[in-house]
Amino acid sequence: MSGDIVRVGVVGGGQMGAGIAEVCARAGLDTVVCEVDAVAARAARERVAASLDRAVERGKLERSAARDALARMAFTGSLDDLGDRRLVIEAVVENAEAKTEVFAALDKIVDDPEAILATNTSSLPVMRLGMATRRADRVVGLHFFNPVPVLPLVEVVTSLHTSRHTVAAVERFAGRTLGKTVIRSQDRAGFVVNALLVPYLLSAIRMTESGFASAGDVDAGMELGCAHPMGPLKLADLIGLDTVASIAESLYDEFKEPLYAPPPLLQRMVEAGLLGRKAGRGFHVYEQGPAAR
């Protein structure tokens, strides 16, 4: 792939997609965010604007830089508006069917034969998504961490088809353009971080489920006893309990290890819509606002 990536598309304007779009725009890139319809696109813009305002209030960003970043962004309800992008990052719900549909559609819409299609999946096989296209060599995992504007890590995940030119381009993009630290992972469920993190979160859920300790005590134990910045149940709430459950299911499907199996309590909470911070309630209760949605 020749030249730097300057035109980026992001599919999905939720918590992760909005964060990815924000860091792209703050890096000076022409950024288009696509949502399911115009209403959702407006909500995505509000989400990004609120995040930029928080960065200004905390002294992390100049007001003029926030205005410039928002001006570099367009929000749409049509995938067709991503046709001229050099890189499109998919950040929709952690569901194999939904992501596969997005990749199949993007393959037909994105015009540039050298364009890269990336997924922000936490656990699904990159190969499966690549095979939904006619350009599997230019499909790669580009896994950011929440909150994207704050956390410095990106996992680059390569399938058996991903070309070395694609890998070099996305590593240069994530590292040099966005200023992130890049680690590389093979295409296995959970990649590096979630393969280590999720069993820990599930153990904390099982401990609470069994009545061994309360959610507050589990979190306090790890925060104050192990100097973790956030307890495991608060972290699960921040990630989204539906996402945690999806990652656990992918890990269990691939490895069949009991430690990866989602506990019944987690499954029931997802069924009840108690998804964590974004829903206002998970293992803890939260005030709902722009940051929580």
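Now for a look at the structure at hand. Keep in mind the model is a prediction, meaning the values are calculated, not measured.

1. Let's talk about the sheet that holds strand β2 (residues 30-34)
Pairing is mixed across the open sheet formed by eight strands, whose spatial order is β3-β2-β1-β4-β5-β6-β7-β8. Looking along the sheet, the strands with just one partner apiece sit at the ends: β3 (73-76) and β8 (181-186). Averaged over all pairs of adjacent strands, the angle between strand axes in this sheet comes to 25°, irrespective of strand direction. Pairing between strand β5 (residues 116-119) and strand β6 (residues 139-144): three bridges, direction parallel. Looking across to β6, one finds that Ala118 is bridged to Val140. Against the sheet, helix α2 (residues 38-57) engages β2 and β3, with an angle of about 150° to β3.

2. A look at the pairing of strand β7 (residues 153-158)
Burial of β7 is extensive: five of the six residues sit out of reach of the surface. Bridge analysis of β6 against β7 gives four bridges, and the strand direction is antiparallel. Across the sheet, Gly141 pairs through a bridge with Val157, a residue of β7. Here β7 pairs with β8 via six bridges, running parallel. Looking across to β8, one finds that Val157 is bridged to Ser185. What joins β7 to β8 is helix α6 (residues 164-177), and the crossover it makes is right-handed.

3. A few points about the pairing of β2
In terms of burial, β2 is a largely internal element, four of the five residues being buried. In terms of strand pairing, strand β1 (residues 7-11) meets β2 through five bridges, oriented parallel. Pairing of Val8 across the sheet is with Thr31, part of β2. Crossover β1 to β2 through helix α1 (residues 15-26) is right-handed. Pairing of β2 with β3, which is carried by four bridges, proceeds in the parallel orientation. Pairing of Cys34 across the sheet is with Thr76, part of β3.

4. Considerations on the packing of aromatic side chains
Considering all chains together, one arrives at one aromatic pair under this definition. Ring geometry for Phe255 and Tyr260: centres 5.6 Å apart, planes at 40°, overall tilted.

5. A closer look at unusual backbone geometry
The omega torsion across Asn146 and Pro147 is 0°, close enough to zero to call that bond cis. Here Pro147 lies in the loop between β6 and β7. In this structure, Phe191 is a non-glycine residue whose phi angle is positive, near 55°. Tracing the sequence through the fold places Phe191 in the loop between β8 and α7 (193-209). Non-glycine residue Ala227 carries a positive phi angle of around 60°. Summarising the element assignment, Ala227 is placed in the loop between α8 (215-225) and α9 (232-239).

6. Observations regarding the pattern of salt bridges
A complete count under the given rule lists 16 salt bridges for this structure. Residue Glu22 is joined to Arg26 by a salt bridge in which the shortest nitrogen-to-oxygen separation is 2.9 Å. Taken together, the positions of Glu22 and Arg26, both in helix α1 and four residues apart, correspond to about one turn of that helix. Of the charged contacts in the structure, one is a salt bridge between Glu94 and Lys99, with a shortest N-O distance of 3.7 Å.

7. Comments concerning the packing of α7 against α8
The geometry of α7 relative to α8 is characterised by a closest axis approach of 9 Å and an angle of 140° between their N-to-C directions. When the axis of α7 is compared with that of α8, the two are oblique. Handedness of the α7/α8 crossing: right-handed. Contact residues: α7 offers Tyr200, Ala204, Met207 and Thr208, while α8 offers Ala215, Val218 and Met222. By residue class, the composition of the contact of α7 with α8 is six nonpolar, one polar and no charged.

8. Topic: α9
All buried positions along α9 are accounted for by Pro232, Leu233, Ala236, Asp237 and Leu238. Buried residues in α9 make contact with α1, α7, α8 and α10 (241-255). Phi for Gly240, located one or two positions after α9, is positive at around 110°.

Analysis parameters
- Along each chain, numbering runs from 1 in the same order as the chain's sequence is written.
- It should be noted that, the model being predicted, local features are given only for residues of pLDDT at least 70 and side-chain atom pairs only at 80 or more, the latter also being counted only at that level, while totals for whole chains, interfaces and linings use all residues.
- To obtain the side-chain values, all non-hydrogen atoms of the structure were used and water was disregarded.
- DSSP calls a pair of strands paired once it identifies at least 2 bridges connecting them.
- Under the scheme used here, helices are H or I runs from DSSP no shorter than 4 residues and strands are E runs no shorter than 2 residues, and both carry numbers assigned from the N terminus.
- Every axis corresponds to a line fitted to the C-alpha atoms, with the helix fit spanning only the stretch in contact, and the corresponding angles, defined between N-to-C directions, vary from 0 to 180 degrees.
- By definition, residues are in contact when any of their heavy atoms lie within 4.5 Å.
- Only protein chains enter the calculation, and the probe is 1.4 Å; a residue is then buried if its accessible area is under 20% of its type maximum, exposed if over 50%, and partly exposed in between.
- Crossovers are marked right-handed if the path from the first strand over the helix to the second runs clockwise, as seen with the strands pointing away from the viewer.
- Here the aromatic set is Phe, Tyr and Trp, taking the six-membered ring for Trp, and pairing holds for ring centres within 6.5 Å; pairs whose planes are under 30 degrees apart are stacked, those over 60 apart are edge-to-face, and all others are tilted.
- Take a side-chain nitrogen of Lys or Arg and a carboxyl oxygen of Asp or Glu: if they are within 4 Å of each other, that pair is a salt bridge.
- Orientation labels follow simple angle bins: below 35 degrees gives roughly parallel, above 145 gives roughly antiparallel, 65 to 115 gives roughly perpendicular, and whatever is left gives oblique.
- Handedness of a helix crossing follows the sense of rotation of the near helix relative to the far helix, less than a right angle counterclockwise being left-handed and clockwise being right-handed.
- All amino acids are sorted into three groups, where Ala, Val, Leu, Ile, Met, Phe, Trp, Tyr, Cys and Pro are nonpolar, Asp, Glu, Lys and Arg are charged, and the leftover types, Gly among them, are polar.

Just geometry here; none of it tells us what the structure is for.
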